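Chain by chain, the residues:
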Amino acid sequence: MKIGELARLTQTSKPLIHHYLREGLVAKPRTASRNSAEYDQIHVEQLLLIKELRESYFLPLPLIKKIIKRQKKLPFAQQFSFRLENEYFRPLDRFFP
C-alpha cells in the first residue's frame, strides 16, 4: 500500500509517519522506486501501537522506541500477550483488582 492509504488506515498524518521513520520507530518500507515506497500490515500495526502508547499512556517517543525494540526481542507468545493486554485493559484497569 502507498503512504496515503497507510495514513488513512491508521489515522496518522503523512508528515508524522515520515517523522516516525526518521526516528526509527517504524520499519523502513520496501522501496518501489526513488520516490515511491510500499507499506504493509506490519507498518499498520507499528503505527497503531505507537498511537496507543502515546494516547493511552502519554509516553514520550524515546520511551516508545525502547518499548518497540524490547518487544521485537520477545518471543511471539509474549508479544501476543502484550497486544491482548493493551487491547482489552485500559491503563487504569491495571491498578484495580
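These lines cover the structure that appears in this document, whether it is placed above or below. (Residues numbered from 1 in each chain as written. Predicted model: local features only at pLDDT ≥ 70, side-chain atom pairs only at ≥ 80, totals over all residues. Heavy atoms only, no water.)

To continue, consider unusual backbone geometry. Notably, glutamine 11 is not glycine yet its phi reads approximately 55°, a positive angle. Relative to the helices and strands, glutamine 11 is located in the loop between helix 1 (3-10) and helix 2 (14-23). Non-glycine residue phenylalanine 58 carries a positive phi angle of around 55°. A residue is classified by how much of its surface remains accessible, and phenylalanine 58, at 68% relative accessible area, is exposed. (Helix = DSSP H or I, 4+ residues; strand = E, 2+ residues; numbered from the N terminus. Buried < 20%, exposed > 50% of the residue type's maximum accessible area, 1.4 Å probe, protein only.)

Time to look at the nonpolar core. The biggest cluster of nonpolar side chains holds 20 residues, and the ones touching the most others in it are Ile17, Tyr20, Leu25, Val26, Ile50 and Ile64. Those elements that provide at least two residues to this core are helix 1, helix 2, helix 3 (41-57) and helix 4 (61-73). Looking at which element gives the most residues to this core, the answer is helix 3, with 5 residues. Each residue touching tyrosine 20, except ones within four places of it in the same chain, is listed here: Leu25, Val26, Leu47, Ile50, Arg54 and Leu61. (Core = buried A, V, L, I, M, F, W, Y, C linked by side-chain atoms within 4.5 Å. Contact = heavy atoms within 4.5 Å.)

The subject of this paragraph is a positive patch on the surface. Where like charges cluster on the molecular surface, the positive patch consists of Lys66, Lys69, Arg70, Lys72 and Lys73. On the basis of relative accessible area, lysine 72 is assigned to the exposed category, the value being 53%. (Patch = residues over 30% accessible without salt bridge, like charges linked within 9 Å, V, L, I, M, F, W, Y side chains within 5 Å. Areas by Shrake-Rupley, 256 points an atom, 1.4 Å probe, with all protein chains shown as cover. Salt bridge = Lys/Arg side-chain N within 4 Å of Asp/Glu carboxyl O. Lys, Arg positive; Asp, Glu negative; His and termini not counted. Charge placed at Lys NZ, Arg CZ, Asp CG, Glu CD.)

Once that is clear, we can look at the packing of helix 3 against helix 4. One can describe the packing of helix 3 onto helix 4 by two numbers: an axis separation of 11 Å at closest approach and a directional angle of 130°. Judged by the inter-axis angle, helix 3 sits oblique to helix 4. Judged by the sense of rotation from one axis to the other, the crossing of helix 3 with helix 4 is right-handed. In this structure, helix 3 uses Gln46, Leu49, Ile50, Leu53 and Arg54 to contact helix 4, whose residues at the interface are Leu61, Ile64, Ile67, Ile68, Gln71 and Lys72. Looking at the contact of helix 3 with helix 4 residue by residue, the class counts come to 7 nonpolar, 2 polar and 2 charged. (Axes fitted to C-alpha atoms, helices over the stretch in contact; angles between N-to-C directions. Parallel < 35°, antiparallel > 145°, perpendicular 65-115°, else oblique. Left-handed = near helix turned anticlockwise from the far one by under 90°. Nonpolar A, V, L, I, M, F, W, Y, C, P; charged D, E, K, R; others polar.)

Following the sequence through the fold, glutamine 46 ends up in helix 3. Glutamine 46 gets classed as buried once you look at its relative accessible area, which sits at 13%. Those residues in contact with glutamine 46, other than ones at most four positions away along the chain, are Val26, Ala27 and Lys72.

Under the criterion given, the structure shown has 1 salt bridge. Measuring nitrogen to oxygen at the nearest pair gives 2.9 Å for the salt bridge that ties lysine 2 to glutamate 38. Note that lysine 2 is positioned in the segment before helix 1 and glutamate 38 in strand 2 (residues 36-38), a separation of 36 residues in sequence.

All quantities given are derived from atomic positions and should not be read as evidence of function.
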